[in-house]
Amino acid sequence: MTNVLVTVQNPRSPIAEAYRGLRTNLTFASLDRPLRQLLITSAGPEEGKSTVLANLAVVEAQAGRQVIIVDADLRRPRQHELFGINNATGLTTLLTADKGLQDASVQASFLQATSVPGLRVLSSGPLPPNPAELLTSQRMAALMTALGALADLVLFDAPPVVVVTDAAILASQVDGVLLVVNANGTRREHAQRAYQLLNKVNARVVGSVLNNAAPDRSLQTYYK
C-alpha cells in the first residue's frame, strides 16, 4: 500500500480529515438521490483523481460501509498499485470471459480484499486494445448493476474526461460524478471543458475536489 493513502497511514492528519469532510459533503448533497455508484474523473492526466478516489473509498469503508473500487481506467490504471494488489486479472478479464458474468460468485471472486475492512477492489486487468468498446458494452452495463448489489457504494476510477471518451461513456450510467481539479496544474479552460462534456451526456456532477491546495497551517496543531 503506497504512502499516498494518508487516510490509512495518518488518519488523524488534516488531509485525512479533509477526506472525511468530502464524505460528509457527498452524503448531504445526495439526501434525495443517494449515491450508490459514483464516478471520479479529472479534466486531464496527473491531476490526482485515482488518489482522491482511493482515499475517499477508505474513509467510506472506515465509516462502516461496504465499498467496491472499480478501476475503469483501462489506459493508465493505478488502483492496483495504490493498494498493492495483483492486476493479472480484473475488469477486462471479467468482461471478456466466455461465461459466468451473471454468476454472483464469479463476480465476487474477482474482487480483491484490502487491508481496510469492507473495502474491495476490482482492478483493471490486462489493458485492452479497445477500452471504449468494452465500457459501452452490454456486459459492462450488466456488471455495473451486479456490483451495485454487492456493496453500499461502488466507486469507478475513470480516465480524464477531456482526453478520451471513456469517462463520458460511464458518466451517464452512474448516480453521480465527482470532478477532480489540480490546484497547481489544471487549466481553467480544461476544467470548463470537462464540465461541458459531462453535462452533454446528462451526467449528474455532484461536485468537484480541489486537489493539491496549500493547507492552512494555522489549523494543523488541532490534529496533533
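Just above, that's the structure.
All of these numbers come straight from a predicted model, not from anything done at the bench. (Residues numbered from 1 in each chain as written. Predicted model: local features only at pLDDT ≥ 70, side-chain atom pairs only at ≥ 80, totals over all residues. Heavy atoms only, no water.)

### Focus: the sheet that holds strand β1 (residues 37-42)
Read across the sheet, seven strands follow the order β3-β4-β2-β5-β1-β6-β7 without closing on themselves; strand pairing throughout is mixed. Single-partner strands in this sheet number two, and they are β3 (112-113) and β7 (205-211). Both strand β6 (residues 176-182) and β7 contribute to a ladder of six bridges, which runs parallel. Within β7, the position partnered with Leu178 by the bridge is Gly207. Relative to strand β5 (residues 153-157), helix α3 (residues 49-62) is tilted by about 170 degrees, and along the sheet it contacts β1, β2 (67-71), β4 (119-122), β5, β6 and β7. (Pairing = 2+ DSSP bridges. Helix = DSSP H or I, 4+ residues; strand = E, 2+ residues; numbered from the N terminus. Contact = heavy atoms within 4.5 Å. Axes fitted to C-alpha atoms, helices over the stretch in contact; angles between N-to-C directions.)

### Quick word on the pattern of salt bridges
Inspection of the entire model under this criterion finds eight salt bridges. Close ionic contact of Glu17 with Arg20 constitutes a salt bridge, the shortest N to O distance being 3.0 Å. Placement of both Glu17 and Arg20 in helix α2 (residues 14-29) is noted, with a separation of three residues, approximately one turn of the helix. Looking at Glu17, the relative accessible area reads 30%, which means it is partly exposed. Notably, a salt bridge pairs Glu189 with Arg187, separated by 2.5 Å at the nearest N-O pair. (Salt bridge = Lys/Arg side-chain N within 4 Å of Asp/Glu carboxyl O. Buried < 20%, exposed > 50% of the residue type's maximum accessible area, 1.4 Å probe, protein only.)

### What about the packing of α2 against α3?
Their axes nearest at 9 Å, the elements α2 and α3 cross at an angle of 75 degrees. With respect to α3, the axis of α2 lies roughly perpendicular. On α3, the residues that touch Tyr19, Arg20, Leu22, Arg23 and Leu26 of α2 are Thr51, Val52, Asn55, Leu56, Val59 and Glu60. Considering only residue class, the contact of α2 with α3 consists of six nonpolar, two polar and three charged. (Parallel < 35°, antiparallel > 145°, perpendicular 65-115°, else oblique. Nonpolar A, V, L, I, M, F, W, Y, C, P; charged D, E, K, R; others polar.)

### A look at α3
An α-helical segment advances 3.6 residues per turn. Residues three or four places apart therefore align on the same side. Taking 1.5 Å per residue, 14 residues should reach 20 Å; α3 reaches 20 Å between its end C-alpha atoms and fits that length. Of all 14 residues making up α3, 13 are buried, and the element is well covered by its neighbours. Of the residues one or two after α3, Gly64 is the one with positive phi, at around 100 degrees. (Expected span 1.5 Å × (residues − 1).)

### Remarks on the side chain of Asp73
Mapped onto the elements of the fold, Asp73 is located in the loop between β2 and α4 (79-83). Of the polar contacts made by the side chain of Asp73, one reaches the backbone nitrogen of Arg76; its length is 3.0 Å. Other than its neighbours up to four places away in sequence, Asp73 contacts Lys49, Ser124, Asp157, Ala158 and Pro159. (Polar contact = N/O pair within 3.5 Å; in protein donor to acceptor, adjacent residues only side chain to side chain.)

### Re the pairing of β6
Counting buried residues along β6, seven of its seven residues qualify, which places the element largely inside the surrounding structure. Residue alternation in β6 divides its side chains into two sets, Gly176, Leu178, Val180 and Asn182 and Val177, Leu179 and Val181, and both sets are buried. As judged from the five bridges shared by β1 and β6, these two strands associate in the parallel manner. Note that in β6 the partner of Thr41 across the bridge is Leu179.

### Considerations on the nonpolar core
The tendency in soluble globular proteins is for nonpolar side chains to be buried as a group. The biggest cluster of nonpolar side chains holds 36 residues, and the ones touching the most others in it are Val70, Leu91, Leu122, Met140, Leu147 and Phe156. The set of elements that each furnish at least two residues to this core consists of β2, α5 (91-95), α7 (131-135), α8 (138-148), β5, α9 (166-171), β6 and α10 (188-200). Counting residues per element, this core draws most heavily on α9, at five residues. Apart from the residues lying within four places of it in its own chain, the contact partners of Leu122 are Ile69, Val70, Asp71, Gly90, Leu91, Phe110, Leu111, Leu143 and Leu147. Core analysis: the second largest hydrophobic core is formed by 29 residues, Val6, Ala61, Val116 and Leu119 among them. (Core = buried A, V, L, I, M, F, W, Y, C linked by side-chain atoms within 4.5 Å.)

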